[in-house]
Amino acid sequence: MPSPDQTRLEQIRMRPRVLDLWWALRPLQSVVRLMNTGAHPDDETTALLTAIGLRDGINLSYACSTRGEGGQNDIGTEGGPALGALRTREMERACDLLNMRLYWHGTSPDDPIRDFRFSKSGEETMGIWGHDHLLHRFVEIVRTDRPDIILPTFLDVPGQHGHHRAMTQAAHEVMEAAADPDFPSNLPTWQVSKMYLPAWSGAGQAYDDDLPPPEATLTIDGAGKDPMSGWSFARIGQMSRAFHRTQGMGRWVPAGPGKDWPLHLAISHVDGPDDALRAGLPQTLADLVDLAPDAKQDLLLAHGYITETVSAFPHARHIAMTAQKALQHLQKAEADAPDRIAHRLTAKHRQLAHVLRLALGIEADARTHQTWLRPGDMTGVTVEFDKGDADRASYSLALPYGWSEDDGQITIATDANQTDPYRAEYDPADPPLPRIEIQLETTTVALPFAKPPVILPDRAALIAPDAALINLKTPKRSVSVAIADVSPAGSRVTFDLPEGWSMEHGTGAVAITLPDDPEPGLYTLPLYVGDAPAMTEQRIAYDHVDPTVYARPAALTVRVLDVALPQAKVGYIGSGHDAVADWLTALGAEVTSLSDDQITSDEALASFDTIVIGIFALRFRDGLVSEMPRLREWVEEGGTLVTLYHRPWDNWESDTVPPRRLEIGQPSLRWRVTDAEAEVTHLAPDHALLNTPNQITAEVWEGWVKERGLYFAKSWDDAYTPLLSMSDPGEDPLTGALLTADIGKGRHTHCSLVLHHQMAKLVPGAYRLMANLIAPRR
């Protein structure tokens, strides 16, 4: 594990001042503004944006509908709103590299504009998000950012993700709505000049566009290299995408020719041929003089000095001198310019100030001594400041409401706000508070804190677990809950219990006892700190992003259910992406999480009746793929193997990984059932897996959340028997959700249902089915 100093050295090694200065000069070349739109973090068209931003200087923004909270997590166990909070921070870091502003349509975990699950329909998505709600927020975003161009990432065609289709539909509508003076909004109208659509197919591993893309009317050269770094624009784009680690993003781009980007001009409000993105648009400050005749002289002088500033690279002193002169004239122009160009001048002001700081060699770094703070806490803050070649430069700390600093100590007031995990917008050039502000002779430059601290709820406690099972088929009737980090410290904590339940306090824990014969059902037990309801939080900290937190009302959820268990010793091979082993143990099954040594030992494997391979384990559990022949032999000798949901790229080789050939279907859109309430037909109702030890009835399929499953099997060896059939409305039935085969003396069952998600949500039917799947073949 590297030390903090080693980590800082590694970070600055990757961003030398000369490269930062070169990249800071790029946006000075243009006043054109382009907004890319998408539905999820990682939907941005990164390689294209990198080329037009770092080469052509186009001012970039990204408008994203959801936080991606319904997606997978390749690096941890955060899910739902907590994953949304993490992906928000990942998206912000991805924007940092491209100097791209970020806007979200969904502005809180409770916003209906959320990643509710995969959708195959734009109409369904609009119905859940709320058409008017989505469009209103979109108009606010466009009127705030004032782009010249809108570019959706995906097409609105059958076979594409419904979220993507809805965003592209909304992009068409916002072109008119943002310019409509009668549209209800307090912001001034804005007419977007052009909208392009991608003239390429969005088909791939997940999607399968049914219709061909529109004809290309313009092609953007994306094949070049950044002359300073020597990296291709595609490779730099992947550096940005690599911050989307929860989605496994970041691919190495080998040397060689890059990729061009064909676009289709869908809407235009400008005259003349469309032979470039900037065609028909003001391109530099000099092109704004007709819109601001009172500022004409200063705009022309600022443009001239900007041209000289860009040309002066790499001579930092010359750059600083001409950037300062450009800034002086720009400030005069700002005072005289009309509102319709103010956004362009504000952006140019920030760009020049940033260039000026880098050219002068001014360094500033602020970091607190603690990361996690509550209202009323104090922490030290260390500030490093070097004014470089500036004649006069100073700094101050700009702090959020309720924060104060005195003599190197930051105090958080008792009424300070909790850190917002779902910021509605983000601008790398105007970072959120807390930040360090550098005062130069004529302007101010803002830099973010390094790893800014996170303010937690004031009345809170951490409880573990926050969900529990009581299986009436076992004698267990109690739940032990560890309680830590109680705030205010020393406060008494209690749960609001159902009638007949009891609670006993211990050291750092509470034991909750149920009556002998509780009614099956779902019980929610709110936690109180003192006499008031408490919050609990999920602290989120990874090296590649700023820390954040997701807080929610503190409560223990208890599912009381009645599930028969097989006589089986179960080994679980996980990779940290699910908690199925823990839930099976809570159900009362005898489960061992297998070590690498156990997986590679025939003797160890022989002691287990059933082995379950958890989701994605073949990809993330080192060495597991090479041990599959050993597991195949174990099955032949009588073992029961269960493989849970995997994707084709999770090292699932159809002919070699499963005991018999089993191909997983892709793109996922064609091989999934997104309707969590889809009717399920039993194809082999007398099969043991649907009857022993629990009878799988229609009740098992009730109460499912999110979806039934995905990446269903597409084709399989005749040895396998499909047990279930299901489909989304209007589609042909899929039969690859649950397959089982007798292999020698044993059995292999592959399950593409999202059982791990249903178990985490305490859906009782998922436990009944899982108990049957782990039953050994007799």
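One can find the structure itself at the top, above this paragraph.
Fair warning: this is a prediction, and the values are worked out from it, not measured in the lab. Within each chain, residue numbers correspond to sequence positions counted from 1 in written order. Thresholds applied to this predicted model are a pLDDT of at least 70 for local features of residues and 80 or more for the giving and counting of side-chain atom pairs; totals over whole chains, interfaces and linings are not thresholded and use all residues. Derived side-chain values reflect all non-hydrogen atoms in the structure, with water molecules and hydrogen atoms excluded from consideration.

Asks: Go over the overall build of the chain, please, and point to the residues and values.
Replies: If you tally the helices and strands in the chain, you get 18 helices and 39 strands. The buried label applies to any residue whose accessible area, calculated with a 1.4 Å probe on protein chains only, is under 20% of its type's maximum; exposed applies above 50%, and partly exposed to all values in between. Across the 778 residues that make up the chain, the buried fraction comes to 54%. Contact definition: two residues touch when any of their heavy atoms are within 4.5 Å. In the chain, the share of contacts with a sequence separation of at least 24, taken over all contacts with a separation of at least 6, comes to 74%. To measure how exposed things are, a 1.4 Å probe is used in the Shrake-Rupley method; for residues, cover is taken only from the protein chains shown. As displayed, the chain offers around 31,800 Å² of accessible surface, 48% of which is attributable to carbon and sulfur atoms. Positive residues here are Lys and Arg, negative ones are Asp and Glu, while His and the chain termini are left out of the count. Every charge is mapped onto a representative atom, which is NZ of Lys, CZ of Arg, CG of Asp or CD of Glu. In the chain, the 70 positive side-chain charges and the 106 negative ones have mean positions that sit 4 Å from each other. Helix and strand assignments come from DSSP, with helices taken as H or I runs of at least 4 residues and strands as E runs of at least 2, each series counted from the N terminus.

Asks: Please give an account of the sheet that holds strand E39 (residues 746–751) that cites residues and values.
Replies: Strand pairing is assigned whenever DSSP identifies at least 2 bridges connecting the two strands. Strand order in the open sheet formed by 7 strands is E30-E29-E31-E32-E39-E38-E36, with mixed pairing between adjacent strands. Each having just a single partner strand, strand E30 (590–593) and strand E36 (720–722) make up the two edges of the open sheet. Direction aside, the axes of adjacent strands within the sheet are offset by 20° on average. In the sheet, strand E38 (residues 738–743) pairs with E39 via 6 bridges, with the strands oriented antiparallel. Residue Leu-738 lies in a different strand from E39, and its bridge partner there is Cys-751. Note on geometry: axes are C-alpha line fits, over the in-contact stretch for helices, and angles between N-to-C directions span 0 to 180 degrees. Against the sheet, helix H12 (residues 580–587) touches strand E29 (569–573), E30 and strand E32 (640–644), its axis set at about 155° to E30. Running at roughly 145° to strand E31 (residues 610–613), helix H16 (residues 628–636) makes contact with E29, E31, E32, E38 and E39 of the sheet.

Asks: Can you tell me about the pairing of strand E10 (residues 378–386), naming the residues and giving the values?
Replies: Taken together, the 6 bridges between strand E8 (residues 363–368) and E10 define a ladder with antiparallel strand orientation. Within the sheet, the bridge partner assigned to Ala-366 lies in E10 and is Val-383. Where E10 meets strand E13 (residues 409–412), 3 bridges bridge the pair, whose relative direction is antiparallel. Counterpart to Gly-380 in the pairing with E13 is Gln-409.

Asks: I'd like to hear about the packing of helix H10 (residues 316–336) against helix H11 (residues 339–360), residue by residue, with values.
Replies: At a minimum axis distance of 9 Å, the contact between H10 and H11 shows a crossing angle of 155°. The pairing of H10 with H11 is recorded here as roughly antiparallel in orientation. Our pair here, H10 against H11, has a crossing hand that is left-handed. Within the contact between the two elements, H10 uses Ala-316, Ile-319, Ala-320, Ala-323, Gln-324, Ala-326, Leu-327, Leu-330, Gln-331, Ala-333 and Glu-334 and H11 uses Leu-345, Thr-346, Lys-348, His-349, Leu-352, Val-355, Leu-356, Ala-359 and Leu-360. Geometric relationships in this document are graded by angle, where less than 35 degrees denotes roughly parallel, more than 145 denotes roughly antiparallel, 65 to 115 denotes roughly perpendicular, and other angles denote oblique. By definition, turning the near helix anticlockwise from the far helix through less than a right angle yields a left-handed crossing, and turning it clockwise yields a right-handed one.

Asks: Give a detailed account of the side chain of Gln-169, specifying residues and quantitative values.
Replies: Position of Gln-169 among the secondary structure elements: in helix H7 (residues 162–177). Sequence-distant contacts of Gln-169, that is, excluding residues within four places in its chain, are made with Gly-122, Glu-123, Met-126 and Asp-156.

Asks: If you had to explain helix H4 (residues 80–98) to someone new, which residues and values would you point to?
Replies: In this model H4 runs 27 Å from its N-terminal to its C-terminal C-alpha over 19 residues, within 8% of the 27 Å that 1.5 Å per residue would give. Taking burial as the measure, the 19 residues of H4 include 15 buried ones, the bulk of the element. Phi for Asn-99, located one or two positions after H4, is positive at around 50°. A helix is expected to span 1.5 Å for every residue after the first.

Asks: Break down the environment of Asp-74 for me, citing the residues and quoting the values.
Replies: With respect to the secondary-structure elements, Asp-74 resides in the loop between strand E2 (59–64) and H4. Residue classification places Asp-74 among the buried residues on the basis of a relative accessible area of 9%. A C-alpha to C-alpha distance of 7.1 Å links Asp-74 and His-577, two positions 503 residues apart in sequence. Setting aside chain neighbours within four positions, we find Asp-74 in contact with Arg-245, Thr-246, Gln-247, Gly-248, His-577, Phe-616, Arg-619, Phe-620 and Arg-647. Pairing of N or O atoms within 3.5 Å defines a polar contact, subject to two protein rules: one partner must be a possible hydrogen donor and the other a possible acceptor, and residues neighboring in sequence count only if both atoms are side-chain atoms. Within the structure, Asp-74 has its side chain in polar contact with the side chain of Arg-619 (distance 3.4 Å).

Asks: Mind laying out the sheet that holds E13, listing which residues take part and the relevant values?
Replies: Across the sheet, which stays open at both edges, the 4 strands sit in the order E8-E10-E13-E12 with antiparallel pairing between neighbours. Two strands bound the open sheet, and with one partner strand each, they are E8 and strand E12 (403–406). With strand direction ignored, the average angle separating the axes of adjacent strands in the sheet is 25°.

Asks: Outline unusual backbone geometry, supporting the account with residue identities and numerical values.
Replies: For the bond running from Ala-464 to Pro-465, omega is 0°, close enough to zero to count as cis. By the element assignment, Pro-465 lies in the loop between strand E18 (460–464) and strand E19 (467–471). With an omega of 0°, the peptide bond running from Ser-487 to Pro-488 counts as cis. Relative to the helices and strands, Pro-488 is located in the loop between strand E20 (478–487) and strand E21 (493–495). Positive phi, close to 50°, is recorded for Asn-99, a residue that is not glycine. Relative to the helices and strands, Asn-99 resides in the loop between H4 and strand E3 (101–104). Given a relative accessible area of 35%, Asn-99 falls into the partly exposed group.

In short, shape yes, function no, at least from these values alone.
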